[in-house]
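Chain by chain, the residues run as shown.
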Amino acid sequence: MTDAVLVLNAGSSSLKFAVYPDGDGDPAALLRGKIAGIGTAPVFSGRDGAGHSLPSDACMSLPHAADHEALIPALLDWLNSHQGGLTIRAAGHRVVHGGRTQTDPAIVTDALLSELDTLVPLAPLHQPHNLAAIRCVAASAPGLPQVACFDTSFHRTQDKFAQLFALPRALTEEGVIRYGFHGLSYDYIASTLRAHLGDRADGRVIVAHLGNGASMCAIKNRRSVATSMGFTALDGLMMGQRCGALDAGVVLYLMDEKGMSAAEISHLLYNESGLLGVSGISNDMATLQASSAPEARDAIGLFCYRAAAELAALAVAIGGLDALIFTAGIGENSALVRSLICDRLEWMGISLDDGANAKNAKCISAASSPVDVLVIPTDEEVVIARATHGLIHG
Ligand code: AMP
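Residues numbered from 1 in each chain as written. Predicted model: local features only at pLDDT ≥ 70, side-chain atom pairs only at ≥ 80, totals over all residues. Heavy atoms only, no water.

Going by the annotation in an unreviewed UniProt entry, the name recorded for the protein chain is Acetate kinase, with Puniceibacterium sediminis given as the source organism. Under Pathway (unreviewed entry), UniProt gives the following word-for-word description of the protein chain: "Metabolic intermediate biosynthesis; acetyl-CoA biosynthesis; acetyl-CoA from acetate: step 1/2." Recorded under Catalytic activity (unreviewed entry), the UniProt text for the protein chain is reproduced unchanged: "acetate + ATP = acetyl phosphate + ADP". (UniProt positions renumbered as here; feature names shortened; annotations may be inferred.)

Chemist: How would you summarise the pattern of salt bridges if you had to cite specific residues and measurements?
Modeler: Scanning the model with the defined rule gives twelve salt bridges in all. Two residues, D202 and R194, come together in a salt bridge whose shortest N-O distance is 3.2 Å. Judged by relative accessible area, R194 falls into the partly exposed class, the value being 39%. One continuous salt-bridge network, built from bridges that share partners, spans R200, R204, D322 and D372. (Salt bridge = Lys/Arg side-chain N within 4 Å of Asp/Glu carboxyl O. Buried < 20%, exposed > 50% of the residue type's maximum accessible area, 1.4 Å probe, protein only.)

Chemist: Kindly report on the nonpolar core, identifying the contributing residues and their values.
Modeler: Core analysis: the largest hydrophobic core is formed by 61 residues, its most contacted members being I206, L210 and L324. Here the element with the most residues in this core is helix α11 (residues 294-318); it accounts for twelve residues. When neighbours within four sequence positions are excluded, L324 is seen to be in contact with I206, L311, C342, I350, V371, D372, V373 and L374. (Core = buried A, V, L, I, M, F, W, Y, C linked by side-chain atoms within 4.5 Å. Helix = DSSP H or I, 4+ residues; strand = E, 2+ residues; numbered from the N terminus. Contact = heavy atoms within 4.5 Å.)

Chemist: Summarise the sheet that holds strand β8 (residues 204-210); cite the residues concerned and give the values.
Modeler: If you walk across this open sheet you meet the five strands as β10-β9-β8-β11-β12, and the pairing is mixed. Of all the strands in the sheet, the pair left with one neighbour each is β10 (223-227) and β12 (372-375). With direction set aside, neighbouring strand axes in the sheet form an average angle of 25°. The pairing of strand β9 (residues 214-220) with β10 spans four bridges and is antiparallel. The residue bridging K220 from the neighbouring strand is R223, located in β10. (Pairing = 2+ DSSP bridges. Axes fitted to C-alpha atoms, helices over the stretch in contact; angles between N-to-C directions.)

Chemist: Summarise the environment of L54; cite the residues concerned and give the values.
Modeler: The topology assignment puts L54 in the loop between β4 (43-48) and α1 (68-80). What makes L54 buried here is its relative accessible area of 15%. With 237 residues separating them in the primary sequence, L54 and S291 have C-alpha atoms 32 Å apart. Ignoring any residue separated from it by four or fewer positions in sequence, one finds L54 in contact with L31, F44, G46, R47, D48, C59 and W78.

Chemist: Describe the sheet that holds strand β2 (residues 15-21), and please don't skip the residues or the numbers.
Modeler: Strand pairs in the sheet, formed through backbone hydrogen bonds, run parallel or antiparallel to each other. Spatially, β4-β3-β2-β1-β5-β7-β6 is the arrangement adopted by the seven strands of the open sheet, whose pairing is mixed. The sheet is open, and its two borders are formed by β4 and β6 (106-107), each paired with just one other strand. When strand β5 (residues 86-95) meets strand β7 (residues 146-150), the two strands line up parallel, connected through five bridges. Across the sheet, R94 pairs through a bridge with C149, a residue of β7. Against the sheet, helix α2 (residues 110-117) contacts β5, β6 and β7, and its axis sits at roughly 30° relative to β7. Against the sheet, helix α15 (residues 380-392) makes contact with β1 (2-10), β2, β3 (31-36), β5, β6 and β7, and its axis sits at roughly 115° relative to β5, the strand it touches most.

Chemist: Go over the UniProt feature "site: Transition state stabilizer" (unreviewed entry) in the protein chain, please, and point to the residues and values.
Modeler: The UniProt feature table records "site: Transition state stabilizer" (unreviewed entry) at H182 and R242. Relative to the helices and strands, H182 resides in the loop between α5 (169-174) and α6 (183-197). You can call H182 buried: its relative accessible area is 10%. When residues no more than four places from it in sequence are discounted, the contact partners of H182 are R94, D151, H209, G213, A214, S215 and M229.

Chemist: Which residues make up the side chain of D379, and what are the values?
Modeler: Its place among the elements puts D379 in the loop between β12 and α15. At 3.3 Å, the side chain of D379 and the side chain of R32 are in polar contact. Of the polar contacts made by the side chain of D379, one reaches the backbone nitrogen of E381; its length is 3.4 Å. Residue contacts for D379: discarding those within four places in its chain leaves Y20, R32 and Y188. (Polar contact = N/O pair within 3.5 Å; in protein donor to acceptor, adjacent residues only side chain to side chain.)

Chemist: How would you summarise the UniProt feature "binding site: substrate" (unreviewed entry) in the protein chain if you had to cite specific residues and measurements?
Modeler: Here, the residues flagged by UniProt with the feature "binding site: substrate" (unreviewed entry) are R94. Within the element layout of this structure, R94 appears in strand β5.

Chemist: I'd like a description of the site of the ligand, backed by residues and values.
Modeler: Around the ligand, the structure places G211, N212, D284, M285, A286, Q289, A328, G329, I330, N333 and S334. Between the ligand and the protein, one listed contact pairs an oxygen atom with a backbone N or O atom of M285 at 2.9 Å. For the shell around the ligand, the secondary-structure elements that each account for two or more residues are α10 (285-289) and α12 (328-333). By residue number, the principal contributor to the shell around the ligand is α12, which donates four residues. In terms of residue class, the shell around the ligand is built from four nonpolar, six polar and one charged. (Near = heavy atom within 4 Å. Nonpolar A, V, L, I, M, F, W, Y, C, P; charged D, E, K, R; others polar.)

Chemist: I'd like a rundown of the packing of α11 against helix α13 (residues 335-343), residues and numbers included.
Modeler: Viewed as axis vectors pointing N to C, α11 and α13 meet at an angle of 50°, and their least axial separation amounts to 8 Å. Regarding the angle of α11 to α13, the classification is oblique. As for the relative orientation of α11 and α13, their crossing is right-handed in sense. Along its contact with α11, which presents I300, F303, C304, A307 and A308, the element α13 presents L336, V337, L340 and I341. Of the residues belonging to the contact of α11 with α13, the class tally is nine nonpolar, no polar and no charged. (Parallel < 35°, antiparallel > 145°, perpendicular 65-115°, else oblique. Left-handed = near helix turned anticlockwise from the far one by under 90°.)

Have a look at this one:
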């Protein structure tokens, strides 16, 4: 039997999981999988440690009532009876919001859960599902140690100017500050910098996490100095369906002149904007790249313009740039997006090797480029697995 750590990332309609050996060092995943379409038509997909899709007879069979409450106990049963012989010793969860106080991963207690409940209004699309998954695991496997790992923690090293809004102090003291997100991804990338950059790892680095959700983080000495997301995961870069940074006056206009409710505006900004809103075609970058419609070109062009502008602004926080890292679905796979962003930043010393960029090579900067440009696949799950193992073994 292999003692294992289960990593869960619960969303509104999906549940992603990964299983790692409960050991020291840098564990490799034994299994990874996803249940998508929860609440409508759930579908299971899984891969073994070598990345091969599981054959259908090795997949988990989905229970009749396939909601989170039914799926989590079924997943635990399936893993504990897995043919490889797994014993789940602990569960680690991605939790989007840890507020100001959670600066590190934490063992789940009733008191912690109550504190995290108070943050639901700050991340209404993610936090309730993250916490529900923790409660489901506690109900199905009482006594199983659980660890919460927060997307906000990595950014708590930022100084006050990077975190403050120019709002009355009373609101700041109430917690209306820039928290930043995607911290588990940035934590992973920061942990790889020494191997990729040697002595330059402690220098001025910007990480561009470009996926369906997108943000950037300015890092120095492998710590977060500034980031593009703010109070919510709506700020900063243009995203798949989210607008990114927006003049707050637009929200007032939508309320006062268009008579839209808060719920309608929220839906517009979170679900109907970004690549989807500008193109009117899709939130998916690969789909837009394959389209010849001018609206698709506009959406890609605006995404890259905004990303380049945000990157230049973040460089202010770290006094220049030694290395730029692309990660996540678009960052790791789209040579077009990387080149459209970097072409606007030649004045900052960023110059690409087009051949290496086209091949998604690890190093894509030209030999003469003062700034190193790298493509590093992110791995948020391994950060959670390491933290969970570390905390439960003291
Ligand atoms: P993520 O949220 O990190 O899974 O990233 C999803 C985004 O990555 C989607 O917009 C995908 O279309 C995009 N993506 C994945 N592969 C490619 C590719 N080969 N070319 C362009 N975009 C891609």
